[in-house]
Amino acid sequence: MQIQAPRGTRDVLPADSFRWQYLESKMRQAAALAGYREVRTPVFEHTELFLRGVGDTTDIVQKEMYTFKDKGDRSITLKPEGTAGAARCFLEHNLYAEALPCKMYYLDAPIFRYENPQSGRLREHHQFGLECFGAQEATADAELILLAYHLLEELGIRNLKVKINSIGCPKCRPAYHRTLKDYLADRLDGLCEDCRERFDRNPLRALDCKERKCRELTKDAPSMLDLLCDECRAHFEELKGCLDSAGIPYTVDSRIVRGLDYYTKTVFELITETKDGSLTVCGGGRYDNLVGEIGGPSLPAVGFGMGLERVLMLLEGEGITLPEPRWYDIFITYMGSHRADAFRLVQALRAEGIRADLDHCGRSLKAQFKYANKTGAPLTGVIGDEEAAAGAVKIKNMATGEEQTVTAQDAPALIRQIIQ
RNA sequence: GUGGGUAUAGCGUAGUUGGUUAACGCGCCAGAUUGUGGCUCUGGAGAGCGUGGGUUCGAGUCCCACUACUCACCCCA
């Protein structure tokens, strides 16, 4: 059997890569506008980082990581999310000793999760993520939500829903945990297996469980929002105030708790409603304990991740066409014996910054034109006996059919003038 | 990890109750137009039917397994 790409992975073909490049440029722009600069971290990290950072009770760590031993007997894991690596990098290079906050973004970061693939869900996908280290105020949370919202909106994605919640901090969450556990303890037998297992260490997950019986049983469960400490409550109120003043629609959903353990206070998701259900394109929140958890100073931070494949999928679903750059400015055709002239001209044009090419397949003049037409080149050049003798090229405008002969020296200027 | 659907040339499909050299559209190549594309016409190349087994005189058509795709659950971006 022919070798195929591994399950749950996708190739981006030359004809489609411009879509990615377009997204990338928009994302870089949005990030730069808010003071975020790019960071690039390894595709794999020590497994330990994710055990401590992401949390060893999470589904991601328990059943979805690509973990293996390298030849030095180290346990290595392909990044299952972006934040832990960024935090490790921040810490390792003592960036906390420099001016804070430290704002960074990553783009096209490959993320690996061993899941059952389906629409909008791959084993390798790519994220655009922002992290802001050292900022505790809610304005930092708000600017991230707004940045994500405006970016998606600008790209043309409709029906965007913003959901926010606060899941408290180490001061108030234990009390809530106890309250919730008391509530759940009476109903433990009715919960699904996963929720029963997570009951001790992470009872919050039960609120987010999709099992009907769990949903039913937790319908009237106490809400974290009612038990936030003063600090968390004030923080959440300020966040809502920021979003209100920015005028974006959002809803408070006390059931979103996210699948990663490091979150504190703010958690949020950007969701779109498509014909077959809702899809989360962006998710994030505050993680004031992560840096400390992995051995650094106690330092607040907030961030989000956005799935590029999902964004692309939504754009396609909405029939949005992205601007496709021109492949060639001009395609130089030639008669039988003048290939060398065509080659020299193409090299000269490229040196002038003009996207030019010639036939490398020994095709007839007619076939060369057909090919030129297929590439969408706005211009073609012909070098036949007459042109070759005169050191010239006949340039044709493919849209109008107009032709004019110029010397090779004058060609770049003319070409530039026409394609303006 | 669990359950359902699908698997025929590069792509999209047709293949009747299993029966001779597997069909069509698009795409590709060539010609009509030996210095010129897009339209049209003509011709051509290209699959032995996901892989491996089985049933049968005979299987793309039936059965089993595997793989992949897909959908739902789960989880998430």
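What you are looking at is a predicted structure, and each value in this text was computed from that prediction instead of being measured. (Residues numbered from 1 in each chain as written. Chains lettered and ligands numbered in written order. Predicted model: local features only at pLDDT ≥ 70, side-chain atom pairs only at ≥ 80, totals over all residues. Heavy atoms only, no water.)

**A few points about the sheet that holds strand β13 (residues 356-358)**
Then, number 1: With mixed pairing, the 5 strands of this open sheet are ordered in space as β13-β12-β14-β15-β16. Of all the strands in the sheet, the pair left with one neighbour each is β13 and β16 (403-407). Geometrically, the sheet is characterised by an average inter-axis angle of 30° between neighbouring strands, direction not taken into account.
Then, number 2: Looking at chain direction, strand β15 (residues 392-397) and β16 are connected through 5 bridges and run antiparallel. When the bridges of β16 are listed, Lys394 appears paired with Thr405.
Then, number 3: The sheet contacts of helix α14 (residues 365-375) involve β12 (330-334), β14 (379-383) and β15, and relative to β12 the element is tilted by about 170°.
Then, number 4: The strands touched by helix α16 (residues 411-419) within the sheet are β12, β14, β15 and β16, with β15 carrying the most contacts at an inclination of about 5°. (Pairing = 2+ DSSP bridges. Helix = DSSP H or I, 4+ residues; strand = E, 2+ residues; numbered from the N terminus. Axes fitted to C-alpha atoms, helices over the stretch in contact; angles between N-to-C directions. Contact = heavy atoms within 4.5 Å.)

**Some thoughts on the domain arrangement of chain A**
Then, number 1: By domain assignment, chain A separates into domain 1 (17-172 + 228-317), domain 2 (176-221) and domain 3 (330-419).
Then, number 2: Between domain 1 and domain 3, the C-alpha centre-to-centre distance is 49 Å. (Domains from an automatic or database assignment.)

**Re the pattern of salt bridges**
Then, number 1: With the rule as written, the count across this model stands at 25 salt bridges.
Then, number 2: Where Glu352 meets Arg416, a salt bridge forms, and the shortest distance between an N and an O atom there is 3.2 Å. Remark: Arg416 occurs in helix α16 and Glu352 occurs in the loop between α13 (339-351) and β13; sequence separation between them is 64 residues.
Then, number 3: For Glu352, a relative accessible area of 42% corresponds to the partly exposed category.
Then, number 4: Judged by relative accessible area, Arg416 falls into the partly exposed class, the value being 32%.
Then, number 5: The network of salt bridges with common partners includes Asp141, Lys171, Glu231, Lys265, Arg286 and Asp288. (Salt bridge = Lys/Arg side-chain N within 4 Å of Asp/Glu carboxyl O. Buried < 20%, exposed > 50% of the residue type's maximum accessible area, 1.4 Å probe, protein only.)

**A closer look at the sheet that holds strand β11 (residues 301-307)**
Then, number 1: Spatially, 8 strands are ordered β1-β5-β6-β11-β10-β9-β7-β8 in an open sheet, and the strand pairing comes out mixed. In this open sheet, the two strands that pair with only one neighbour each are β1 (37-38) and β8 (251-252).
Then, number 2: Pairing of strand β7 (residues 160-166) with β8 involves 2 bridges; the strand directions are parallel. Directly across from Lys163, in β8, lies its bridge partner Thr251.

**Observations concerning the nonpolar core**
Then, number 1: Within the largest apolar cluster, 100 residues are counted, with the highest numbers of intra-cluster contacts made by Phe128, Phe133, Phe304 and Met306.
Then, number 2: For this core, the element with the most residues is helix α5 (residues 138-155), which contributes 12 residues.
Then, number 3: Mapped onto the domain boundaries, this core takes at least three residues apiece from domain 1 (17-172 + 228-317) and domain 2 (176-221).
Then, number 4: Each residue touching Met306, except ones within four places of it in the same chain, is listed here: Met27, His126, Gln127, Phe128, Ala148, Leu151, Leu152, Val281, Cys282 and Val311.
Then, number 5: Membership of the second largest hydrophobic core comes to 19 residues, among which are Ile330, Ile383, Ala411 and Leu414. (Core = buried A, V, L, I, M, F, W, Y, C linked by side-chain atoms within 4.5 Å.)

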